[in-house]
Protein chains: 2
Amino acid sequence: MTAPAPAPAATPPPPYWAVIFTSLRTPGDDGYAQTAAAMVELGARQPGFLGIESARGDDGLGITVSYWESLEAIAAWKAVGDHLAAQRAGRSRWYRAFTTRIARVERETVFAASSTTARAPAADRA
Amino acid sequence: MTAPAPAPAATPPPPYWAVIFTSLRTPGDDGYAQTAAAMVELGARQPGFLGIESARGDDGLGITVSYWESLEAIAAWKAVGDHLAAQRAGRSRWYRAFTTRIARVERETVFAASSTTARAPAADRA
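Residues numbered from 1 in each chain as written. Chains lettered and ligands numbered in written order. Predicted model: local features only at pLDDT ≥ 70, side-chain atom pairs only at ≥ 80, totals over all residues. Heavy atoms only, no water.

Participant: What am I meant to see in the environment of Ala 18 of chain B here?
Facilitator: Position of Ala 18 of chain B relative to the elements: it lies in strand E1 (residues 16-25). Ala 18 of chain B sits in the buried class, given a relative accessible area of 0%. Remark: the alpha-carbon pair of Ala 18 of chain B and Gln 46 of chain B, spanning 28 residues in sequence, is separated by 15 Å. If sequence neighbours within four positions are ignored, Ala 18 of chain B has contacts with Ile 20 of chain A together with Val 65, Ser 66, Tyr 67, Arg 101, Ile 102, Ala 103 and Val 105 of chain B. (Helix = DSSP H or I, 4+ residues; strand = E, 2+ residues; numbered from the N terminus. Buried < 20%, exposed > 50% of the residue type's maximum accessible area, 1.4 Å probe, protein only. Contact = heavy atoms within 4.5 Å.)

Participant: Would you explain the relation of the copies chain A and chain B in this entry?
Facilitator: Related by rotation about an axis and a shift along that axis, the two copies of the chain form a pair. Between chain A and chain B, which share one sequence, the superposing operator has a rotation angle of 180° and an axial displacement of 0.0 Å; the RMSD is 0.0 Å. Between the two chains, the operation in question is that of a two-fold axis. (Least-squares fit on C-alpha atoms with pLDDT ≥ 70 in both.)

Participant: Looking at this structure, how should I read the pattern of salt bridges?
Facilitator: Between side chains of opposite charge, a pair can form as their charged atoms come close. Summed over all chains, the structure comprises eight salt bridges over all chains. The shortest N-O distance in the salt bridge between Glu 53 of chain B and Arg 101 of chain A comes to 2.9 Å. With one member in each of two chains, Glu 53 of chain B in strand E2 (residues 49-56) and Arg 101 of chain A in strand E4 (residues 95-112) form a pair that bridges those chains. According to the relative accessible area criterion, Glu 53 of chain B is buried, its value standing at 0%. With relative accessibility at 0%, the residue Arg 101 of chain A sits in the buried group. In this structure, Arg 101 of chain B and Glu 108 of chain A form a salt bridge, with 3.4 Å as the shortest nitrogen-oxygen distance. You can see Arg 101 of chain B sitting in strand E4 (residues 95-112) and its partner Glu 108 of chain A sitting in strand E4, one on each of two chains. One exposure class covers both Arg 101 of chain B and Glu 108 of chain A, and it is buried. (Salt bridge = Lys/Arg side-chain N within 4 Å of Asp/Glu carboxyl O.)

Encoded structure:
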């Protein structure tokens, strides 16, 4: 996927869910950039979408983390037709290797310039 | 932090924990690269460390995800003296903004060339 606006995603207080997608591309573009941008746009319109962060370094390793309200929202996005087609092309053409991890975000600390906010479910703050 | 070997981390079957650190740097290096590399090395020697992935794109957004056996391992690493000093320098000098999220990894799919492995705790496979 391509990079959205360069900033940490503005997610709500936890808990919520993260999909951590770490990948190594195959050489060349081969339609990747256009589809990746389309998937970022389409994903952002899905129910339960909370935000996305994406970076790919000079060594070729890319990390995209998308944030979701629930496991059900993640499952629904995974099953969207155009996204299924992109996933198939990803496996057959665009990625040498990837790992997808689904994780429940329990705590979050936000730092900006001279302010910091630690956020956790009420039960964790006691 | 700097990029390790460019590959998705070889983590064990879930569950385990992820620390997702998304950041925007301040301009210039100012000692950052050296400390970041030292912290990657030091972190990898901590009890409960499982792996690390890191990427920073041309737009300046960086994502580092480190993986851990337990919340206790994450807390212990956060409290290591040299790491505390690096965290202080990060807030005062190196980062314009960052968000740290602690998440419990529940499911993992690994794709490499023509093989795929989906891994989840035994209870989730039923």
